Amino acid sequence: TVTVSNVDDLRAYAEKGGYTIYVKPGTYTVPSKSAINVGDNVTIYGYQGAIIAQTYTGTKNEDNTVLNIVGDNVIIRNIVVKGAGAVDKDAGDCMHVQGGSHVWIDHVEVYDGEDGNLDVINGANYVTISWSKFHYTSASSNHQFSNLIGNSDSKTTDSGKLKTTMHHNWWADGAKERMPRVRFGE
């Protein structure tokens, strides 16, 4: 168990795996194109006021994801993930669950993702997203599409995976589509 107060420590422990990480209150800004990759057997628990923030890339097709969950047995709780604002540049989401399994995301607030707020993609499996809020503010001017389960109609390797449970979630102000949109998931 560790307690972190800066983005470098959060990244190091999350990527290494095997830690319960308590995140102190404050804003943790993740630089462009440097997602925090969450490995195996990690719990990230935010104290009230813990915000992980996305910076704007301004470039089409550059992945600017903040939290990229790639490991198995991951819990993310009580965190706010703030995006740079949805602008329809096919850039990064606030959060991805991609390839990992047995993931529980609970009591998070995710908003203003450049491309989306939280997507379950690339063969992720057994994902639960519960008691969470997804929304957009005036920082978003277009593409206010919140959640995808399966990121492409042609990604047939996702077939039989992407088993996802979403319950007691709230799509609030500004969310226009994908609440959620399911492609190959169950």
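Please read these numbers as outputs of a predicted model, since none were measured by experiment.

**Q** I keep staring at the sheet that holds strand β1 (residues 2-4) and nothing clicks. Help me out?
**A** Two strands in a sheet stick together by hydrogen bonds in their backbones, pointing the same way (parallel) or opposite ways (antiparallel). Judged by pairing direction, the sheet is parallel, and its seven strands sit side by side in the order β1-β2-β5-β8-β11-β14-β17 without closing on themselves. Whereas interior strands pair on both sides, the edge strands pair on one side only; in this sheet they are β1 and β17 (164-167). Direction aside, the axes of adjacent strands within the sheet are offset by 10 degrees on average. Two strands pair when backbone bridges link them, and strand β14 (residues 125-130) and β17 are joined in this way by four bridges, in the parallel orientation. Counted as the bridge partner of Val127 is Thr164 from β17.

**Q** Which parts of the structure should I look at to understand the pairing of strand β5 (residues 42-46)?
**A** A regular strand places its side chains on the two faces of the sheet in alternate fashion. Only one face of β5 is buried, namely the one carrying Val42, Ile44 and Gly46, since none of Thr43 and Tyr45 on the opposite face is buried. Where strand β2 (residues 20-23) and β5 come together, four bridges link them in parallel fashion. By the bridge assignment for β5, Ile21 is matched with Ile44. Relative to strand β8 (residues 74-77), β5 runs parallel, the two sharing four bridges. The residue of β8 that forms the bridge with Thr43 is Ile75.

The rules behind each value
- Residues numbered from 1 in each chain as written.
- Predicted model: local features only at pLDDT ≥ 70, side-chain atom pairs only at ≥ 80, totals over all residues.
- Heavy atoms only, no water.
- Pairing = 2+ DSSP bridges.
- Helix = DSSP H or I, 4+ residues; strand = E, 2+ residues; numbered from the N terminus.
- Axes fitted to C-alpha atoms, helices over the stretch in contact; angles between N-to-C directions.
- Buried < 20%, exposed > 50% of the residue type's maximum accessible area, 1.4 Å probe, protein only.

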